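Listed below, chain by chain, are the residues.
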Amino acid sequence: MRVRDGKGPLTGYGGRSAEIMIEADQISKDFGTVRALKSVSIAVPKGTVLALLGHNGSGKTTLVNILTTALPPSSGQARIAGFNVSKQPREVRKRIGLTGQFASVDGQLTGRSNLILIARLLGADRRAARDRADTLLELFGLQDVAPRRAATYSGGLRRRLDLAMSLVGHPEVIFLDEPTAGLDPASRIELWKLVQSLVAEGTTVLLTTQILDEADRLADSIAVLSAGVVVASGTPAELKARAGQRTVTVTLTTIEQTSAAMVVLAHAGLEPELDRKRNAIVMPIRATEKVASVVTLLDRAGIEVHELTFGHPSLDDVYLAIAAQPTGQAAHVNGGSAVPPGVRRQGGAHERASQPGGPQPAGRLQRRRPGADMARQLGAHPGNGAHPAGGA
Amino acid sequence: MLTQVTVLTRRAVLDYLSDPRQVVTGLVQPVIWLFLLTSLFSKFGRPPGFPPGVSYFDYVLPAVLVNNALQASQQTGTGLIEELRNGIVPRLRSLPVLPSSLLTARSIAGLLRTAVQSLIMIALAQLTHGNLSRGGLAGLTVSLGLTLLIGWSLGWVFLAVSAWIRRTDTVQNLSFMMLFILTFASSAYVPVRDLPTVLRVVATGNPLTYAINATRTILLHTPGGTGAIGPAILISLVIGAAGTFAAVLLFRRPLEMTRR
């Protein structure tokens, strides 16, 4: 098996000797005169998650189809667990699980029968098939609906059953093609947790998504696909660092205090900008230590801070930055990680909704541009957005 | 492979049985064929040159059996399109399951359905007209076998058509045309020599003519009738082989060509 060198598209892993479970090497795909994929290369080490991020029509599903042997590539090579998708499709199919954009379940069969069917097709005898089905039903909390025809399931249940079906054969590699599209926030978080537990067990996951928050939460690395080309790749933190500088947003209780704070901060050499709508002050921060000085300055001036957020640029910003400049030449900024321990929200009368479950992404996400609400438009869950720094 | 076909066949049969409307229409259809067509065509009286003692009902029964098999095979084909719409197919494609297993399962399920329908028709015919087969039980069995064979072969042709076109309405229109030509430009209802010239030419090239002739000669126990069996089997097998080949090849094409 070939392991990519440091110049591989996944800089986070380049040069590491981890086993590469999903590998696409210069994959192109033409549909007639339409070039759906252009020389796409990816490599996903064992036990990690790669998120393919892109709009509708960017080629995400085509790549998944090629990697899962459903479509032959026009050129290039792809290997799953070392097996060539074109030459050894059967070996590949033995090792993969696929959850497509449309729940791939048989609506005429009950949830349990669906699982038994797959187990039987994978060669389990009746008894083993039933056992496997029951295990998965329990794992996915589907026992209650197991005797019902899948056609009667809600979207969330179908998706859960779908994922359970793709796990019947203990696949080493799982492909999730927009797994949370059309799911309500609770089901989405449920599914994220499932994916995380799978990865913890050593499963390798390729996830396609339009939801930036999803990629941020689940992925070890991200490849941004646009018109069939990987336009950017790296860890979520790397991509966010590429999108631009970090900012601090201070919200104050009264307009008078806001005006006073503007003066204090400007005087101290910062570049505060007033956001009248939110009664907040936004300023770029070039070094992490400066966050503490903002607090100190305001405290000395006797100004009560209602809320303070310090954030990486969100993936929304990454997305827009890359879309704006296909070469991705955003300023590279030092990516400090957490908020200094001294900085806490002061006098917070209004609690913002905190992230409902799931691990917190590295660094708080903050939306700097009002126009960057892409994730929201695309149906991201309500918890996505600005968060209070170091929420109690 | 064998287990997979068995599992998928079972699924196809259960899928069919799970819809009572489908089951009922499937059972009523042969009855309609049997009584509507036979009573309609009986109106024309006995065509000239009939073997003595053979009623029109006796003459038409084998044709009705074969026609029902033809209709059933067309449904096997359109069933595949419904199947392609079912979310399960993309999943099957991502599993180590041969695409031909799914087709084989559908074709076997279709065969089973045709067998049940044929038995119902034979039983009803026996009840209403009595003393059906001059060829005895053996003759009945052989003609049933021939009916199923031609139905199964044509089933693969319709599977191929469906795997190619993948649109229910288009396939249904096309199938309807094929059904009409195959049914009426044949020896089914009128002896070939009594047909108008153009129809006679078509009927001579129509595989159904041979299947019907063979079934008929056995059921009516016409002297020298066994000679028709060989060609009928051969023609069915050739059609079946060509249909299978085309269906497997066409079904392999990516599913994207199906997507709404």
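Residues numbered from 1 in each chain as written. Chains lettered and ligands numbered in written order. Predicted model: local features only at pLDDT ≥ 70, side-chain atom pairs only at ≥ 80, totals over all residues. Heavy atoms only, no water.

Caption draft 1: Examining the environment of T215 of chain B more closely. Residues and elements named next belong to chain B. Its location among the elements puts T215 in helix α9 (residues 207-220). We classify T215 as buried; its relative accessible area is 0%. Linking T215 and P90, residues 125 residues apart in sequence, is a C-alpha distance of 41 Å. Setting aside chain neighbours within four positions, we find T215 in contact with P62, V66, S143, L146 and T147. (Helix = DSSP H or I, 4+ residues; strand = E, 2+ residues; numbered from the N terminus. Buried < 20%, exposed > 50% of the residue type's maximum accessible area, 1.4 Å probe, protein only. Contact = heavy atoms within 4.5 Å.)

Caption draft 2: Representation of the interface of chain A and chain B within the structure. Across the boundary between the two partners, chain A contributes 27 residues, which contact 23 residues of chain B. Taking both partners together, chain A and chain B bury about 2,200 Å²; carbon and sulfur atoms supply 59% of that area. At the surface where chain A touches chain B, the tally comes to two salt bridges. Remark: the boundary between chain A and chain B carries seven residue pairs in polar contact (both at pLDDT 80 or more). Within the residue set of the side of chain A that touches chain B, elements represented by two or more residues are α2 (89-95), β6 (96-99), α3 (111-121) and α5 (155-166) of chain A. The leading source of residues in the side of chain A that touches chain B is α3 of chain A, at five residues. Within the side of chain A that touches chain B, the residues separate by chemical class into 13 nonpolar, eight polar and six charged. (Buried area = accessible area lost by both parts, 1.4 Å probe. Salt bridge = Lys/Arg side-chain N within 4 Å of Asp/Glu carboxyl O. Polar contact = N/O pair within 3.5 Å; in protein donor to acceptor, adjacent residues only side chain to side chain. Nonpolar A, V, L, I, M, F, W, Y, C, P; charged D, E, K, R; others polar.)

Caption draft 3: Broad picture of a nonpolar patch on the surface. Residues F176, F180, I181, F184, V198 and V202 of chain B make up a contiguous nonpolar surface patch of about 580 Å² in total accessible area. Structurally, the position occupied by F184 of chain B is in helix α7 (residues 168-184). (Patch = residues over 30% accessible without salt bridge, like charges linked within 9 Å, V, L, I, M, F, W, Y side chains within 5 Å. Areas by Shrake-Rupley, 256 points an atom, 1.4 Å probe, with all protein chains shown as cover.)

Caption draft 4: Main features of α7 of chain B. All names here are of chain B. Compared with an ideal rise of 1.5 Å per residue, which puts 17 residues at 24 Å, α7 spans 24 Å between its outermost C-alpha atoms and is within 8% of the ideal. Buried within α7 we find T168, V171, S175, L179, L182 and T183. One face of α7 carries all of its buried residues, which in axial projection span an arc of 85 degrees. Projecting away from the buried face of α7 at angles above 90 degrees are the exposed residues N173, F176 and M177. Those residues of α7 that are buried are in contact with α3 (56-85), α6 (136-165) and α9. (Expected span 1.5 Å × (residues − 1). Arc of directions from axis to C-beta.)

Caption draft 5: Region of the structure containing the confidence of the model for chain A. All names here are of chain A. Summing up the model confidence of chain A, the mean pLDDT is 76 and the portion of residues at 70 or higher is 74%. Below pLDDT 50 for its whole length, residues 1-16 participates in 40 contacts with residues either more than four positions away or in separate chains. Of the regions scoring below 50 in pLDDT, residues 326-392 engages in 143 contacts with residues more than four places distant in sequence or in other chains. (pLDDT = per-residue confidence, 0-100.)

Caption draft 6: Layout of the packing of aromatic side chains. Residue and element names in this part refer to chain B. Under the criterion given, the structure shown has five aromatic pairs over all chains. Ring geometry for W152 and W156: centres 6.3 Å apart, planes at 85 degrees, overall edge-to-face. With W152 and W156 both in helix α6, this residue pair falls four residues apart, about one helical turn. Given a relative accessible area of 3%, W156 falls into the buried group. Aromatic rings pair up to connect F176, F180, F184 and Y189 into one cluster. (Phe/Tyr/Trp six-rings, centres within 6.5 Å; stacked < 30°, edge-to-face > 60°.)

Caption draft 7: Highlighting the environment of G269 of chain A. Here G269 of chain A is to be found in the loop between α9 (255-267) and β12 (273-275). A sequence separation of 180 residues divides G269 of chain A from P89 of chain A, and the C-alpha atoms of the two residues are 62 Å apart.

Caption draft 8: Focus on the pairing of strand β1 (residues 20-31) of chain A. All names here are of chain A. In terms of burial, β1 is largely enclosed, as nine of its 12 residues are buried. When β1 meets strand β2 (residues 34-45), the two strands line up antiparallel, connected through eight bridges. In the sheet register, F31 faces β2, and the bridge partner there is V34. Between β1 and β2, which pair antiparallel one after the other, the connecting turn spans two residues, and G32 there sits at a positive phi close to 60 degrees. As paired strands, β1 and strand β4 (residues 75-80) are joined by five bridges and run antiparallel to one another. Each residue of the ladder has a partner; that of D25, found in β4, is Q77. (Pairing = 2+ DSSP bridges.)

Caption draft 9: Main features of unusual backbone geometry. Residues and elements named next belong to chain A. Phi is positive for Q26, which is not a glycine, with a value near 55 degrees. Mapped onto the elements of the fold, Q26 is located in strand β1. Positive phi, normally seen in glycine, also occurs at E178, with a value near 45 degrees. Within the secondary structure layout, E178 lies in the loop between β7 (173-177) and α6 (185-200).

Caption draft 10: Spotlight on the sheet that holds β7 of chain A. Residues and elements named next belong to chain A. The sheet built from six strands is open, its strands ordered β6-β7-β8-β3-β9-β10 with mixed pairing. Both outer strands of the open sheet, β6 and β10 (229-234), are each paired with one neighbouring strand and no more. Averaged over all adjacent pairs, the angle separating strand axes in this sheet is 15 degrees, with direction ignored. Here β6 pairs with β7 via four bridges, running parallel. Pairing of G97 across the sheet is with I174, part of β7. Of the strands in this sheet, β3 (49-53), β6, β7, β8 (204-209) and β9 (221-226) are in contact with helix α1 (residues 60-67), which crosses β8 at around 150 degrees. (Axes fitted to C-alpha atoms, helices over the stretch in contact; angles between N-to-C directions.)

Caption draft 11: The arrangement of the pairing of β7 of chain A in detail. All names here are of chain A. Burial runs high along β7: five of the five residues are buried. Side-chain alternation along β7 places V173, F175 and D177 on one buried face and I174 and L176 on a second face that is also buried. Bridge analysis of β7 against β8 gives five bridges, and the strand direction is parallel. Within the sheet, the bridge partner assigned to F175 lies in β8 and is L206. Read from β7 through α6 to β8, the crossover connection turns out right-handed. (Right-handed = clockwise from strand over helix to strand, strands pointing away.)

Caption draft 12: A look at the sheet that holds β4 of chain A. All names here are of chain A. With antiparallel pairing, the four strands of this open sheet are ordered in space as β2-β1-β4-β5. In this open sheet, the two strands that pair with only one neighbour each are β2 and β5 (83-84). Across the face of the sheet, α1 comes into contact with β1, β2 and β4 while running at roughly 120 degrees to β1.

Caption draft 13: The arrangement of the packing of helix α2 (residues 20-42) of chain B against α3 of chain B in detail. Residue and element names in this part refer to chain B. For the pair α2 and α3, the least separation of the axes is 9 Å and the interaxial angle reads 140 degrees. Taken together, the axes of α2 and α3 are oblique relative to one another. The two elements α2 and α3 meet at a crossing, and its hand is right-handed. In this structure, α2 uses Q29, P30, W33, L34, T38, F41 and S42 to contact α3, whose residues at the interface are Y56, F57, V60, L61, V64, N67, N68, Q71 and Q75. For the contact of α2 with α3, the residue count by class is nine nonpolar, seven polar and no charged. (Parallel < 35°, antiparallel > 145°, perpendicular 65-115°, else oblique. Left-handed = near helix turned anticlockwise from the far one by under 90°.)

Caption draft 14: Representation of the packing of helix α5 (residues 99-129) of chain B against α6 of chain B in the model. Residues and elements named next belong to chain B. In the contact formed by α5 and α6, the axes pass within 9 Å of each other and the chain directions differ by 145 degrees. Both α5 and α6 take part in a crossing whose hand is right-handed. Here L103, T104, S107, L111, T114, A115, S118, L119 and I122 of α5 lie close against α6, whose contacting residues are L140, L144, T147, L148, W152, W156 and L159. Of the residues that constitute the contact of α5 with α6, the class distribution is 11 nonpolar, five polar and no charged.

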